[in-house]
Amino acid sequence: MSTLEIRDLHVSVLDAADDRPEILRGVDLTVAAGQTHAIMGPNGSGKSTLAYAIAGHPKYLVTQGSITLDGQDVLAMSVDARARAGLFLAMQYPVEVPGVSVSNFLRTAVTAVRGEAPKLRLFLKEMNEAMAALSIDPAFAQRNLNEGFSGGEKKRHEILQLELLAPKIAVLDETDSGLDIDALKVVSEGINRYRAQPGHGVLLITHYTRILRYVTPDFVPVLARGRIVKSGGRELALQLEAEGYGPVLQEAGYDVDETDGFSGAATGEEAAPAAAPAGR
């Protein structure tokens with residue numbers, strides 16, 4: 001059974017002033033195959049920082065702790081080695097790549113992850129079936145990667161990659177953002193299809209509970225000020241929707257500011273430096 005283990009993870013981020021403020025301050029998390037973890041938390045709490053640290057983004061420096069996948073040291077791997085090992089990141093803001101078609105990109109990615117190029121006829125059949133399941137127009141395959149895509153098209157393409165690459169652990173960074181209700185349902189169905197296959201685990205980062213109406217989490221960790229301050233099931237997400245983060249943060253010993261819901265200073269602790277925008 002595939003398992004992603006994160007232990008005492010501390011991460012700093014290179015900001016616009018060339019400083020490296022610490023964003024994650026000791027995260028512990030285990031995501032096993034067959035599980036879905038939906039991470040929630042206030043803005044600036046480090047959710048995307050966690051995603052990019054797992055993926056190996058060069059702006060995110062791990063200063064302490066470990067990340068392992070099935071016992072292998074992820075931090076010792078290059079970005080492409082992490083993908084081949086079975087990690088996948090669906091980005092919040094996918095980049096445009098003019099001159100590279102969706103079809104060519106997907107076949108290149110599949111070849112890199114699987115270790116050999118799939119036969120073209122079989123790949124096209126597999127891609128077209130996955131596109132149909134996501135209600136994607138076949139002409140989409142010939143468009144330049146993410147160029148001129150709507151928010152919904154970008155997110156469907158991320159799930160198309162997920163279905164074709166079939167990683168062990170999928171990290172989905174706000175995959176629900178920018179989606180209307182119909183697109184949200186289609187994307188959620190794609191996540192559920194992936195999750196239903198043996199050996200797959202999901203780490204879903206979200207601000208809202210609406211995607212959790214369609215993708216049922218096993219665990220809902222709450223990340224605040226760089227630490228997981230509470231974890232529960234779907235009922236915790238419903239509590240957060242009804243009450244906001246204030247009660248959970250107060251329970252964890254943090255001062256809550258009425259103007260923004262979270263002052264960031266923990267009771268009895270020295271307030272940590274402000275988080276960089278990149279560590280949202």
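Further up the page is the structure itself.
Residues numbered from 1 in each chain as written. Predicted model: local features only at pLDDT ≥ 70, side-chain atom pairs only at ≥ 80, totals over all residues. Heavy atoms only, no water.

A. Main features of the packing of aromatic side chains. A complete count under the given rule lists 2 aromatic pairs for this structure. Between Y52 and Y60, the ring centres sit 5.3 Å apart and the planes meet at 25°, which makes this aromatic pair stacked. (Phe/Tyr/Trp six-rings, centres within 6.5 Å; stacked < 30°, edge-to-face > 60°.)

B. Just the layout of surface pockets, in detail. Taken as a whole, the largest pocket holds about 720 Å³ of empty space. Among the elements of the structure, α1 (47–55), α2 (79–85), β6 (87–90), α3 (102–114) and α5 (151–165) are those that each provide at least two residues to the lining of the largest pocket. Looking at side-chain class alone, the lining of the largest pocket contains 21 nonpolar, 5 polar and 4 charged residues. (1 Å grid on protein atoms, 1.4 Å probe; cavity = no way out; pocket = protein on both sides within 12 Å on 5 of 7 lines; lining within 4 Å. Points joined across faces, edges and corners; volume = space filled by probe spheres on them. Helix = DSSP H or I, 4+ residues; strand = E, 2+ residues; numbered from the N terminus. Nonpolar A, V, L, I, M, F, W, Y, C, P; charged D, E, K, R; others polar.)

C. Region of the structure containing the environment of L87. Residue position: L87 is located in strand β6. In contact with L87, not counting residues within four places along its chain, are L4, I54, L69, V74, R82, P167 and I169. (Contact = heavy atoms within 4.5 Å.)

D. Inspection of the environment of L249 at higher detail. With respect to the secondary-structure elements, L249 resides in helix α8 (residues 246–251). Separated by 24 residues in the primary sequence, L249 and R225 have C-alpha atoms spaced 9.8 Å apart.

E. Summary view of the sheet that holds strand β9 (residues 169–173). Strand order in the open sheet formed by 4 strands is β3-β10-β9-β6, with parallel pairing between adjacent strands. Each edge of the open sheet is held by one strand with a lone partner, namely β3 (36–39) and β6. The mean angle between the axes of side-by-side strands here comes to 15°, regardless of whether they run parallel or antiparallel. Pairing analysis gives 5 bridges linking β9 to strand β10 (residues 201–205), with the strands arranged parallel. Bridge pairing links A170 to V202 in β10. Together, β6 and β9 form the strand contacts of α5, whose direction differs from that of β6 by roughly 165°. (Pairing = 2+ DSSP bridges. Axes fitted to C-alpha atoms, helices over the stretch in contact; angles between N-to-C directions.)

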